[in-house]
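Observations on the model geometry
Here are the chains, one letter per residue:
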Amino acid sequence: MKKIHILGIVIIAVAIGAILTTLNSTSTYASFREASEAPDNEFHVVGKLDKTKEAVYDPKTDANVFSFYMIDNAGTEKKVILHKSKPQDFERSEQIVLIGKAEGDEFHASEILMKCPSKYNDGKPQASN
Amino acid sequence: MEYIGEHLVIGKVGNVFVILSFVFALLASVSYFFAARDNAEAPSWRNIARWSFRIHGFSVFGIVGTLFLMLYNHYFEFEYVWHHSNKEMPMRYILSCFWEGQEGSFLLWTFWHVVIGFVLQRKAKEWEAPVMSVLSLVQAFLASMLLGLFIFGEHRIGSNPFTVLLREHPDYGAIPLFQNADYIKLLDGRGLNPLLQNYWMTIHPPTLFLGFALTVVPFAYAIAGLWKRKYTEWLKPALPCTFLGVAVLGVGILMGGAWAYEALSFGGFWAWDPVENASLVPWLTLVGAAHLMLINKNKGQSLFTAFALAILTFVLILYSTFLTRSGILGETSVHAFTDLGMSGQLLIYLLFFLLLGIVLLIVNWKHMPRVQEEESIYSREFWMFVGAIILLVSSFQIMFYTSIPVWNKLFGLKMAPSKNIINFYNSWQLPFAFLVTMLVAIGQYFKFKNTAPKEFMKKISFPVIVSVLLTALFSWLLNYTNFLYILLMFSSIFAAVANFNYITHALGGKIRKAGASVAHIGFGLILLGALVSTSKKEVISRNTSGKSIENLVEKMSNNDNILLTQGDTLPMGNYYVAYTGKRFEGINVYFDVDYLTKENNTYTKEFTLSPLVQTNPRMGNVAEPDTRHFLTYDIYTHVAYAPLESVKQQQEATKDEYTAAKNVSMHKGDTIFSSNAIIIFDSLSTQFDKSKYGIGADDIAVKAHIRVLDIRKKYEATPIFVIHENSVQPIASKVDELGLQFMFWKIDPQDGKIEISVQEKKSNIKDYFVMQAMIFPYINILWIGCVVMALGTFMAIIERLRKSSSH
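Residues numbered from 1 in each chain as written. Chains lettered and ligands numbered in written order. Predicted model: local features only at pLDDT ≥ 70, side-chain atom pairs only at ≥ 80, totals over all residues.

**Things to note about the overall build of chain B**
The secondary structure content of chain B amounts to 21 helices and 25 strands. The dimensions of chain B, computed from C-alpha atoms along their principal axes, are 120 × 80 × 50 Å. In chain B, which comprises 807 residues, the share counted as buried stands at 44%. Taking the intrachain contacts of chain B between residues at least 6 apart in sequence as the baseline, contacts between residues at least 24 apart amount to 68%. (Helix = DSSP H or I, 4+ residues; strand = E, 2+ residues; numbered from the N terminus. Buried ≥ 20, exposed ≤ 12 C-beta atoms within 10 Å, placed from the backbone. Contact = placed C-beta atoms within 7 Å.)

Written out as structure tokens, the structure is:
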């Protein structure tokens, strides 16, 4: 076989490998309910902070534990324990994405992504002081 | 309503420039198209085309100038100016206002294309007409991004910074401020995003956009080559700009990495973030294209791939624009810009040029020259071709994973990126990096056409041995056990050593010809620096404060942060750290932390680091790191959490203010803690002189004896429980030296339990914050590599230009 054909086959094999590993290593977006049904699996859960319930962060006790309540996009509310320090401007978040596992009645998150609209969209014109 | 003081004329002027730029780009493209034909009318078309492009170019300068004036003079009546600037912003960031907004960044891109177009008009000679025709068409598309025209009712083409007045904007028009005819005097802008108020953000975007803009040159030449059926003559003229693109885009990307390292708090210089990937991938294909164009110029092989890569690179730039600006990345990248409703336009733009390229390639496939004999495996062309293919596959892997949101949208899937995307990308890209650096090392030792195997082995053996020795040495020093890392370390060292050897031996030390080798040395160093500093990155901020009374035990507990209280000294890494306090400078809050070393029980201060939080009440606070640079490592620190809400309270706290009461039940002998003392409930007494406290003889009164101990002294507090006329009226007892106040609220006579409250003075509460610190070993190798690679590429470009002008 011509060298160029060998090369071609190798490339296609590698490309297929790239596609397959991509599909295998992705997590899934899910709701709290779906995450509870598969408690050993890690999911991404999207939702909003429940501002009416308390968010507890006591760094003097443990700087790496922060708990709050979140309502996912399907409407379920759950207590969330985040194993990181409280993100700056947490209360301003418009949308939260949690990465973690459901555990009993709570959701234990190891990562959090926040979308804060105030950086781009928010803020009505105001009179200057 | 008549508004006072609005500067509407300048908006109209800007809008005229926008329309002119679009119209004349279109005209230039069409006239250059006709000028590219080989007939008698071509020269006159060319004149029209040249002038059209010049008018287009000057209109673009006009847009830039007008927008600058509006920003400089704070004309907040225009929504763009209001959105991206304010009065208190330092003037040096005014340029950043251009690229904070989508319209502004398209403008920047268009601007660079104009500069490139002016150069091409003078230098492209016989290629001017077809190349400029393509470039002008690209410009027409870009100019349309600024039009802000409404067609068929609802659909808007582009977004125009000059025609949208704040008071007419759908989101803001209805607010009461605009009932006031004099509203201009009261208006201030929203201001710049705190992340952009940083000197890196004044240099990284323009450099990066120039890099993007330069990819249009090989693209336009490739298209022109296919169109005019001159399949190899375009390679040489296009080379300098292509390599310039490699240099500038590469530097731009690396600046982004440096910015991320210096100003962001994720702890690193590369996060495989979609926005980062979207600029890296076209760079990889551009490198592939440039190298194939280079060897093809010498020996006509792999021509088709050169065409394909040149076209692909520009299309990938368009795709990355689409990805980052259409909002489709939404949840997966915290970098993503918001959707301005231009995603449809961007998609059309992308598909048009993609199809143009594909169609031309298919049509011309049969006509392209081929070389009959196969390349020898011992030839430079063969290995450079292999290298270009590896770069292509590497780009494919990155792009495929980065485009997950696109696959989700197209196929209705719900894939989310894995939590550990950095590991995922690294697991693929490390082997690719290994292969590429190996090729970088040995590529130049192959001659064109063929190399005698024995000769090759002889020449390469010296660098191989040196590299193996160095790798063994460093692996041992750094305690490397991961085989893949050792392999990559070897290949990047090999790339640097082999190229250095090439300069001294094959080139006879002639620096002028050494551009490529120098650039390759830089590339090897970049990968080596990236490998070592990332794989040996160490978080040193384990929580050693141990202040907990209760320990929360969690399975996934993350101990990457340390709680620092003002006045305490804690061990961290090789140092002892002491948080000395906060400093306010303008909108920044600096947290000063001293780093001490201890010898024989004496502490010496080595240095201070002050990570900060940039406060921005409107847009949210942003933490920025402070890093200490040593020769062989960096200590990188940033604020993970700081209780800034109470900043104002702390500043205003008078000496006599107490915090809210903390109620607690105690039995005799029980112990509780305040922030500065131990509190023990000793006993109760009912026999005491009531009149001394103003208690009536008929009232019930019980005194509690509370022992209060701090490190040095013992105090006693005696709060009294009083029932006067059926209501509880406790009498407080203070320990002023410790700033504590006690009140006695309840008593359970049965089991001797009492309920008291403890209050501390606000000035007792020690300031604290949570910090994360990391060590990046040998990261300077990375930065040195960046400089060397840029230097080498520029050297090669200059040498090539010098050679071609002397012919």
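**Structural notes on the overall build of chain A**
From N to C terminus, chain A includes two helices and eight strands. Starting at the N terminus, the α and β elements of chain A follow one another as α-β-α-β-β-β-β-β-β-β. Counting every position in chain A, which comprises 129 residues, the buried fraction comes to 33%. Partitioning the contacts of chain A with sequence separation of at least 6, the portion at a separation of at least 24 is 49%.

**Side note on the environment of H155 of chain B**
Residues and elements named next belong to chain B. The residue H155 is located in strand β2 (residues 155-157) in this model. For H155, a count of 11 C-beta atoms within 10 Å gives the class exposed. Along the sequence, H155 and L430 sit 275 residues apart, while their C-alpha atoms lie 46 Å from each other.

**Remarks on the environment of A623 of chain B**
Following the sequence through the fold, A623 of chain B ends up in strand β12 (residues 622-624). Note: C-alpha distance between A623 of chain B and Y641 of chain B (18 residues apart in sequence) is 8.8 Å. The contact partners of A623 of chain B, leaving out residues within four places of it in the chain, are Q88 of chain A together with S265, P611, V613, H638 and V639 of chain B.

**Considerations on the confidence of the model for chain A**
Keep in mind that low pLDDT regions are not for reading the predicted coordinates in detail. Across chain A, the average pLDDT comes to 79, with 88% of residues at 70 or higher. In the model, residues 118-129 of chain A has pLDDT below 50 throughout and makes 28 contacts with residues more than four positions away in sequence or in other chains. (pLDDT = per-residue confidence, 0-100.)

**Here's the deal with the pairing of strand β2 (residues 43-49) of chain A**
Residues and elements named next belong to chain A. Taken across its seven residues, β2 has six buried, putting it largely inside the fold. At this point the chain moves from strand β1 (residues 27-30), through helix α2 (residues 32-37), to the parallel β2, and the crossover so formed is right-handed. With five bridges joining them, β2 and strand β6 (residues 95-103) adopt antiparallel strand pairing. Bridging across to β6, G47 finds its partner in I96. (Right-handed = clockwise from strand over helix to strand, strands pointing away. Pairing = 2+ DSSP bridges.)

**Observations regarding the sheet that holds strand β15 (residues 662-666) of chain B**
Residue and element names in this part refer to chain B. What the four strands build is an open sheet, ordered β15-β24-β23-β22; its pairing is antiparallel. If you trace the sheet from one side to the other, it starts and ends with β15 and β22 (733-735), each paired once. Taken pair by pair, the neighbouring strands of this sheet meet at an average axis angle of 30 degrees, ignoring direction. (Axes fitted to C-alpha atoms, helices over the stretch in contact; angles between N-to-C directions.)

**Some thoughts on the domain arrangement of chain B**
Residue and element names in this part refer to chain B. Entries for chain B in the domain assignment read domain 1 (1-197), domain 2 (221-417), domain 3 (450-536 + 778-807), domain 4 (562-649 + 767-777) and domain 5 (658-760). Computed from C-alpha atoms alone, the centre-to-centre distance between domain 3 and domain 4 is 38 Å. Contact residues are listed per partner, giving six residues for domain 3 and six residues for domain 4. Of the residues contributing to the side of domain 3 that touches domain 4, the split by class is three nonpolar, two polar and one charged. (Domains from an automatic or database assignment. Nonpolar A, V, L, I, M, F, W, Y, C, P; charged D, E, K, R; others polar.)

**Remarks on the nonpolar core**
Ranked by size, the top nonpolar core spans 204 residues in total, and within it V131, L214 and A220 of chain B carry the most contacts. The element that contributes the greatest number of residues to this core is helix α12 (residues 303-325) of chain B, accounting for 15 residues. (Core = buried A, V, L, I, M, F, W, Y, C linked by C-beta atoms within 7 Å.)

**A few points about the pairing of strand β8 (residues 575-585) of chain B**
Side-chain positions along a regular strand alternate between the two faces of the sheet. Residue and element names in this part refer to chain B. With four bridges joining them, strand β7 (residues 569-572) and β8 adopt antiparallel strand pairing. In the strand pairing of β8, T569 is matched with A578. As paired elements, β8 and strand β9 (residues 588-599) share nine bridges and run antiparallel to each other. Each bridged residue has a counterpart across the sheet, and for E585 the counterpart in β9 is N588. Counted along the chain from β8 to the antiparallel partner β9, the turn is two residues long, and its residue G586 has a positive phi close to 65 degrees.

**A word on the environment of N600 of chain B**
Residue and element names in this part refer to chain B. For N600, the position within the fold is in the loop between β9 and β10 (602-609). Overall, N600 belongs to the exposed group, with 4 C-beta atoms counted inside 10 Å. Counting along the chain gives 311 residues from N600 to A289, while the straight-line C-alpha distance between them is 62 Å.

**Some details on unusual backbone geometry**
Residue and element names in this part refer to chain B. Even without glycine at this site, H74 takes up a positive phi of about 60 degrees. Phi at N726 is positive, roughly 70 degrees, even though this residue is not glycine. Here N726 is to be found in the loop between β20 (720-724) and β21 (727-728).

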